[in-house]
Amino acid sequence: MSLTVNTEQRGDVVVVSVAGELDMATAPQLQDQITDLLDKGRSRLVFDLANVSFCDSTGLSVFVRAKNSCDEAGGVVRLAAPQRGVLRILEVSGLVEVLHTYPTVDQAVAGDPTPASSS
């Protein structure tokens, strides 16, 4: 299955809508999109996972790298609306606590300010 990635600017946040299966074959496509956003100074990212039907460890590593890069740039990464299977993988891996996860995109976009900007 293929992966589609679309972006939408919402204020200072970029919503990255991901659809399909996120695995070893498709993760580089998402990684390239994230790298492009970071190169353009976009470091406040919300990943809309509502249409991600599968995510393996390669996909999880893309989100961890995105979080690390955004943290370094003073930004933030949030995950939104993961399907039950993807949410379960995040829970089992312990990443649901590291990668701030919200039930909806709107809640993720309106999430708390980054710790760096609230000091």
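Counting of residues starts from 1 at the beginning of each chain's written sequence and follows it residue by residue. Given that the model is predicted, a residue must reach a pLDDT of at least 70 before its local features are reported, and side-chain atom pairs must reach 80 or more before they are shown or counted; all residues, however, enter totals for whole chains, interfaces and linings. With hydrogens and water stripped out, all remaining heavy atoms of the structure feed into the side-chain values.

A word on the environment of L79
Here is step 1 of the chain: Here L79 is to be found in strand β4 (residues 76-80).
Here is step 2 of the chain: Between buried and exposed lies partly exposed: a residue is buried under 20% and exposed over 50% of the maximum accessible area for its type, with that area taken using a 1.4 Å probe on protein chains only. The class of L79 is buried, set by a relative accessible area of 0%.
Here is step 3 of the chain: Each C-alpha atom of the pair L79 and T101 lies 4.6 Å from the other, and the pair is 22 residues apart in sequence.
Here is step 4 of the chain: Between two residues, a contact is recorded if the distance between any of their heavy atoms is within 4.5 Å. Here L79 is in contact with F47, L49, F63, L90, L99, H100, T101, Y102 and A108, once residues within four sequence places are set aside. Only DSSP runs of H or I with at least four residues qualify as helices, and only runs of E with at least two residues qualify as strands; both kinds are numbered from the N terminus onward.

Here's the deal with unusual backbone geometry
Comment: phi is negative for the bulk of residues other than glycine, and the bulk of peptide bonds are trans.
Here is step 1 of the chain: The backbone phi angle of A81 is positive, close to 55°, even though this residue is not glycine.
Here is step 2 of the chain: With respect to the helices and strands, the residue A81 is situated in the loop between β4 and α3 (84-93).

Quick word on the nonpolar core
Here is step 1 of the chain: Take the buried residues of types Ala, Val, Leu, Ile, Met, Phe, Trp, Tyr and Cys, join any two whose side-chain atoms come within 4.5 Å, and each joined set is a nonpolar core. By size, the foremost hydrophobic cluster in this structure holds 26 residues, and its most contacted members are L30, F47 and F63.
Here is step 2 of the chain: Those residues within four positions of F63 in sequence are excluded, and the remaining contacts are L22, L30, F47, L49, C55, L79 and L99.
Here is step 3 of the chain: Counting residues in hydrophobic clusters, the runner-up holds seven residues, among them V15, A80, Y102 and V105.

Notes on the sheet that holds β4
Here is step 1 of the chain: Between any two strands, pairing holds if DSSP finds at least two bridges. With mixed pairing, five strands are arranged side by side in an open sheet as β1-β2-β3-β4-β5. Single-partner strands in this sheet number two, and they are β1 (3-10) and β5 (100-102). For this sheet the average axis-to-axis angle between neighbouring strands, irrespective of direction, equals 25°.
Here is step 2 of the chain: In this structure, β4 lies alongside β5, joined through three bridges in parallel fashion. Across the sheet, the residue bridging to L79 is T101, located in β5.
Here is step 3 of the chain: On the sheet, helix α2 (residues 57-72) packs against β2 (13-22), β3 (44-55) and β4 and is oriented at approximately 175° with respect to β3. A fitted line through C-alpha atoms represents every axis, and for helices the fit uses only the stretch in contact; the resulting angles, taken between N-to-C directions, go from 0 to 180 degrees.

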